[in-house]
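Read off the chains here:
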Protein chains: 2
Amino acid sequence: MKTQQIIYDKKFDLHFINKYASLMALGNGYLGLRSAYEEDYPDQTRGMYISGVYNKSSVKGTSELVNIPDITHFHFEIDGEIFSLLDGKIHSYERTLNLVNGEITRRIVWENRFGDRFRFCFQRFVSKNDLHLLALKVTVTSLDKAVTFNIMTGIDAQQTNFGNQHLTEENVRVFDEEVMQGIYETTESGHIVAVTTSCSYSIKGKVSFLAKNRKLQTTMEIELPQNTPFIVEKLGTVYSSLDQEYDGLDPQTAGLNALHAHNLIGYDKLMKKSAHSWNNFWQKKRVKISSTNDFDQLALDYAIYQLESMTPAHDERFSIGAKGLTGEGYKGHVFWDTEIFMAPFQLFTEPETAKKLLRYRYLHLDQAKEKAVLYHYKGALFPWESAFTGKEETPEFAAINIRTGKRQKVASALAEHHIVADIAYTAVQYYQATLDDEFMKKEGLALLKETALFWISRVTEVDGKLFIKDVIGPDEYTEHIDNNAYTNYMAYYNVEQAIYFMNKYADQNQTLLNEGQDFLNRLYLPKPNVDNIIPQDDTFLSKPEIDLSTYKENQGSQGILLDYSRQEVNEMQILKQADVVMLLYLFPDLFSKDVVSKNLHYYEKRTIHDSSLSKAIHALVAARCGERKLAYELFQEACLIDLGPKSNSSDEGLHAASLGAIWLATINGFANLSINRKQILSFNPELPENWREITFPIQWQGRTLNITITHQNIEIKNVRGPELTVEINGKEYLISSKLDVLLT
Amino acid sequence: MKTQQIIYDKKFDLHFINKYASLMALGNGYLGLRSAYEEDYPDQTRGMYISGVYNKSSVKGTSELVNIPDITHFHFEIDGEIFSLLDGKIHSYERTLNLVNGEITRRIVWENRFGDRFRFCFQRFVSKNDLHLLALKVTVTSLDKAVTFNIMTGIDAQQTNFGNQHLTEENVRVFDEEVMQGIYETTESGHIVAVTTSCSYSIKGKVSFLAKNRKLQTTMEIELPQNTPFIVEKLGTVYSSLDQEYDGLDPQTAGLNALHAHNLIGYDKLMKKSAHSWNNFWQKKRVKISSTNDFDQLALDYAIYQLESMTPAHDERFSIGAKGLTGEGYKGHVFWDTEIFMAPFQLFTEPETAKKLLRYRYLHLDQAKEKAVLYHYKGALFPWESAFTGKEETPEFAAINIRTGKRQKVASALAEHHIVADIAYTAVQYYQATLDDEFMKKEGLALLKETALFWISRVTEVDGKLFIKDVIGPDEYTEHIDNNAYTNYMAYYNVEQAIYFMNKYADQNQTLLNEGQDFLNRLYLPKPNVDNIIPQDDTFLSKPEIDLSTYKENQGSQGILLDYSRQEVNEMQILKQADVVMLLYLFPDLFSKDVVSKNLHYYEKRTIHDSSLSKAIHALVAARCGERKLAYELFQEACLIDLGPKSNSSDEGLHAASLGAIWLATINGFANLSINRKQILSFNPELPENWREITFPIQWQGRTLNITITHQNIEIKNVRGPELTVEINGKEYLISSKLDVLLT
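Residues numbered from 1 in each chain as written. Chains lettered and ligands numbered in written order. Predicted model: local features only at pLDDT ≥ 70, side-chain atom pairs only at ≥ 80, totals over all residues. Heavy atoms only, no water.

### A look at empty space enclosed by the protein
To find leftover empty space, a probe the size of one water molecule is rolled over the atoms. For the record, the criterion: Using a grid of 1 Å spacing that covers the protein atoms alone, one calls a set of points a cavity when a 1.4 Å probe fits there but cannot get out, and a pocket when the set is open and has protein on both sides within 12 Å along at least five of seven lines; lining residues are those with an atom within 4 Å of a point. Grid points are joined across faces, edges and corners, and a volume is the space filled by probe spheres set on the points. The nonpolar class holds Ala, Val, Leu, Ile, Met, Phe, Trp, Tyr, Cys and Pro. Asp, Glu, Lys and Arg form the charged class, and all remaining residues, Gly among them, are polar.
For the structure shown, the criterion picks out 17 cavities of 30 Å³ or more. Quantified by volume, the largest cavity comes out at close to 130 Å³. As for the largest cavity, its lining consists of Lys11, Phe12, Asp13, Leu14, His15 and Leu86 of chain A together with Gly80, Glu81, Ile82, Asp87 and Arg113 of chain B. Broken down by class, the residue content of the lining of the largest cavity amounts to four nonpolar, two polar and five charged.

See the structure below:
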């Protein structure tokens, strides 16, 4: 059933240069590398990032994921002419990202302006089994004549984040006339970064080295005979002082030692090792879809491949940025995206990693408490955006309005408080999927209690009821509203679960228990109105509507903000993403199927999907409603958010939450897996007509389950672990090793 | 006699892209603009600089001349294809810098890969009459078909100094859907920079604006008919808070107001105004040479054109960097180059500007005194490198030795003390050429007394004699030596002149007068040895010699340091530049002609000329020795330091002192102008055989003299001012309005 797992770039086109640099980004959760070409082109944004290495370039700025010095750039000269695909003629061009083994290959036959042809093959990977290793291989063959071939490459610390400088050059070295190393320090956060690299050549000529203007370069020149492949391998290692804190390695020594070891092995064998790790990944986590449209499989493979590449499974001190490690969008900051969109994939395939993502929040409870104090709340108010320190990193002001010169205050950090409950929700999900009491007693309970305390302090009493006023829900086109459905229900759940686990673990904080119970008794929860519509907030349903069709056609572009001010948008029934639909996703049993369906359609009509987090969740909820056709259409559209034809859609990185949501739509939507009220794993499959079969693995309470669903049948293999009860279409079954149930 | 005053770039070649960006740099002393192409190419270094705007990008760094946001970049698309000269086919290409009017013109006929031809004409200038104005004009004609033509341009603040960030973006604005403005602040020095620009189009299409990632861009798209020239004019203004301090203008308002005014006038008329100012310059300052080799005239025109472009004649708070405003070499710092190599051109053509350069030193006497105190000396120890604050800016450490990882301490700031006397020397020269008692009583005397005091405190007493120990002379290949001939003679002159002017103005500081006289009585001055060779220092003549011919062939490259360590070079008779020859230049009457000639030859043989300051001075001294052939050869070589064929010689900016020295070699060498012991203007012409005639203007003690020299004759016109005495070949003449003397 294995279909093609390859992402293609079939045409050299500068318009797509940064889209493909993001799409084909390589990573291993520690290191992320944009797939800029080896040779330079105008406006090409190179980027390499280390998970957790953030810095502020100015006192007034916020932390950015640091674009570290580059080693992928090569300058080639052939008989003194600089190689560029803009020059001469391209006979053939193909670049592929092979998801199976994580390697990029670019094959070109190119003719220079004098009519001489050359074959180039560029390969590279970021190692999956050695987090610190990246490697490049270039094979050049001169097809028509012997030439003088000249290479210049090295370590380029002129890299900035769009002009923001984060690193000072502390030292640059050449060891044994071979190995180059640069040591850099972030200007504010004080992290040390060591980049170490060397080249080996199949034909060796005159080599020289030069350090200048933040570049350490080596130059090599050979006489290249006709039809003789010339191979350059460039291996590199990246270490930071964060590794040192963690495992005691001094980055400089570690980088050198590792590179020496890698040099003895060489590109091909190192690549094989990495490919082996990727093979393990696919064995363990792949969702197989038998669809009439092969793209479904590719898009899903791509989604989890990139999720894997950007998730710091090695370290609990960092989480996943909104663009992962694929670009500088959102400055690498961590949002609710991690818990609500990306963590579930980890939770159900590698719960240890989900735990680390929650540990990241736990380790920053102090900063969340500090933020709560700052705003005169109690408990933990997690930052809307965070980075390494766990402090609020949301920029204080939005981008300048270039017509007025004014910067609007960013309201998210002040009011988008649902993230607090999102984290609590995921902690509970983690427990339900793992029954990890050790975590829940310590980290889980701490998170639940402090977040519950926040909500208790967050309410306003109105005539005996408790309101949550002046918040922003996930829908950022409706700011500063009262009793946001998503927020209120999530807060309720948060406090409810805190009490549940406090009781479970006999927590003695009676005050909190009492206050929590009072909160639950009195919190206002928006109910469906006479038309069965759940009001997104107190005023939403009374606002005027406009025809959104043109904006929906250009969804993702925020084009509405060119025609209307943010204030105007705020006062209409216009949604960036639908809070109520999000709520319906997270609580499948909260409302009747009829209410769910009504609300999906009501809000879908009013949702532009200007957030990349939106579409796949609508697909998921539509699937649950049994609206398979709509669900599949929405799913397919969601798969195009990054992989679609728009030339600049992903220039600043991939939409990480959207990738997570593609997996969610598949598993929680079409396979319709959920955890029911009895905390039993439940399936109510709603496969699209185009899909014949779906097979996927699930980690559940210590068991490994392999699930295969067709339109007729569901088969669950309990590969490892004791028997368990599952629910299928509302009926409970006990599985010892295998279960087969007909779906009627 | 007017020969071609045009610098040509006749071939599009990426290898020369940064050389020509420096060579064709435009400037007006306030603003400097590298001539990078409008469209982007790999490794092209754009650069725009404001005189005096320096900043430190990190606490540990030194100040750099800030590369301010760029407005010269244009991105063009033709039917959706990005314009690049690397692509398609170049039918014709020529870029010219017209020294007459200061305009750059690039004319191209280019064929895209689909066979459609286009004519491009790019013009630009930095205004000579309005210091804040720069302007670009692009004319595009589609020769074969109607096309969709798309332009993107704006203000790009992603510019850094090779990765060092100096500016934060404070505000970006679009006014009236036309004018773009960016306000930036330097991160450490706190200067505000306002860059304002707008485009006008001969055919106007859909215009939009976008601010993102430190870029403010406008996009414009039109349908361009065949054979219809489409003209874009982009005007820009640059203001800084330094202007505000000076003339009260707020940079934001000033920039906007000026741009609005310029927009009413347009490129062509603004260009004419600027050309008019350049015409005045040439009228006033041009040296006309009638040579068998036209290049002599071009090189000299080029030298003074660029000197003029980089000299901040408008402001006394700044001086001239070692690369002027043409690049980031030496970080824009001010060295002795200004006083000894560049100031004389100003002094003899526009003494007011020479005074400002001296005022710059005077205004920073406090910082020089602080440096003296730091090193336990008295008086004023001027920094070896300085920038805006007047403090020592020499980097503490030299570039890393990439083999050892060690940075050598830069000794210049600690020991290259001759700059103190260089400044004093120029103050005296200024007085002699102007008789400006007002300046000399105040600034001149203060400079002379404090510098004299420094020397008095700088000596070591050995057996009753005073030695100046542990210095570096101009020859930086010989460090930490005692009794450097250049330094000791200059120090003597410094103290001598201080006493002279103290007596002249009845200064009452008897202690200083006494100490000064004692200094003069006892200072050791190295005398010619039995072979008539003046020892460069106490040990130089006893050091071993090696054959330097291969290094002399690659002069300027510092290739010797690849074969020998700095320490090894220090212990041999190897000169970067010859101190004694410098001394002979500055004091023409100090030694007999025979001694001068002997020393020139002795030291020339041992000098690699790895300093660009060296060659033209040897030409000058050779001319004075009557060795016209040698002098002319050396002069011609000096003219090639920037204008020669080496592809990367000037990447980081022009060799400003060398440009000054080309003028010196001509005027003080071949025309052999000097100020004799009686402070009478003296001529002893030694024209090269290739030169038939030389004509040049001189400002001298309030008079304007026009001097014409042939091999037979010297003619001096006293255009303005009272009669004066001059000396010609040792004989005095009185001129009222005109003097004609036969040279025999």
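### A look at the interface of chain A and chain B
Defined as follows: Contacts between residues were defined by any pair of non-hydrogen atoms, one from each residue, lying within 4.5 Å. Throughout, buried area stands for the accessible area (probe radius 1.4 Å) lost by two parts on being put together, summed over both. Note on definitions: salt bridges are taken to be side-chain nitrogens of Lys or Arg within 4 Å of carboxyl oxygens of Asp or Glu.
Taken residue by residue, the interface counts 47 residues in chain A and 47 residues in chain B. For the pairing of chain A and chain B, the buried interface totals around 3900 Å² over both sides, and the portion due to carbon and sulfur atoms is 45%. Ranking the residues of chain A by area buried against chain B places Phe162, Ile402 and Arg403 of chain A at the top, with a combined share of 16%. Linking chain A to chain B there are eight salt bridges.

### Describing the domain arrangement of chain A
All names here are of chain A. Where we set the bar: Note that domain bounds follow an automatic or database assignment of domains. By the criterion applied in these results, polar contacts are pairs of N or O atoms within 3.5 Å in which, for protein atoms, one can donate a hydrogen and the other can accept it, and in which residues neighboring in sequence qualify only through two side-chain atoms.
Looking at the assigned domains, one finds that chain A contains domain 1 (6-162 + 198-237 + 267-285) and domain 2 (288-670). Listed as interface residues are 43 residues of domain 1 and, on the opposing side, 45 residues of domain 2. Between domain 1 and domain 2, roughly 3400 Å² of surface is buried when both sides are summed, and carbon and sulfur atoms account for 58% of that area. Looking at the side of domain 1 facing domain 2, the largest losses of area belong to Lys19, Tyr54 and Lys285, adding up to 19% of the total buried there. Where domain 1 touches domain 2, the interface holds five salt bridges. Where domain 1 meets domain 2, there are 28 residue pairs in polar contact (both at pLDDT 80 or more).

### Re the pattern of salt bridges
Residues and elements named next belong to chain A. Let me state the cut-off plainly: Strands here are runs of E lasting at least two residues and helices are runs of H or I lasting at least four, both read from the DSSP assignment and numbered beginning at the N terminus.
Taken as a whole and assessed by the stated rule, the structure comprises 88 salt bridges over all chains. Across the pair lysine 369 and glutamate 450 runs a salt bridge, and its minimum N-O distance is 3.5 Å. With a gap of 81 residues between them, lysine 369 in helix α8 (residues 365-374) and glutamate 450 in helix α11 (residues 437-458) connect regions that are remote in the sequence. By sharing partners, the salt bridges in this structure join Lys128, Lys284, Lys285, Glu308 and Glu350 into a single network.

### Structural notes on the sheet that holds strand β30 (residues 724-728) of chain A
Residue and element names in this part refer to chain A. Definition in use: One bridge is not enough; two strands pair if DSSP finds at least two bridges between them. What counts as an axis is a line fitted to C-alpha atoms, over the stretch in contact for a helix, and the angles between N-to-C directions run from 0 to 180 degrees.
The mixed open sheet is built from four strands, whose spatial order is β25-β26-β30-β31. Each of the sheet's edge strands pairs with one partner strand only, and the pair in question is β25 (673-675) and β31 (731-735). Recorded for the sheet is a direction-independent mean angle of 35° between the axes of neighbouring strands. Of the pairings in the sheet, the one linking β25 to strand β26 (residues 681-683) comprises three bridges and is antiparallel in character. Bridging from a neighbouring strand, leucine 673 pairs with phenylalanine 683 of β26.

### Side note on the relation of the copies chain A and chain B
Note the cut-off: The copies are overlaid by a least-squares fit using only the C-alpha atoms of residues whose pLDDT is at least 70 in both copies.
After a rotation of 180° and a shift along the axis of 0.0 Å, chain A superposes on chain B with an RMSD of 0.0 Å. As the rotation angle and translation indicate, the two copies are arranged about a two-fold axis.

### Some thoughts on the sheet that holds strand β26 (residues 681-683) of chain B
Residues and elements named next belong to chain B. Across the sheet, four strands lie side by side as β25-β26-β30-β31; this open sheet has mixed pairing. A single partner strand is all that each edge strand has here, and the edge strands are β25 (673-675) and β31 (731-735). Here the average twist between neighbouring strands, direction ignored, is 35°. Across five bridges, the pairing between strand β30 (residues 724-728) and β31 is antiparallel. Bridge pairing in β31 places threonine 725 opposite leucine 734.

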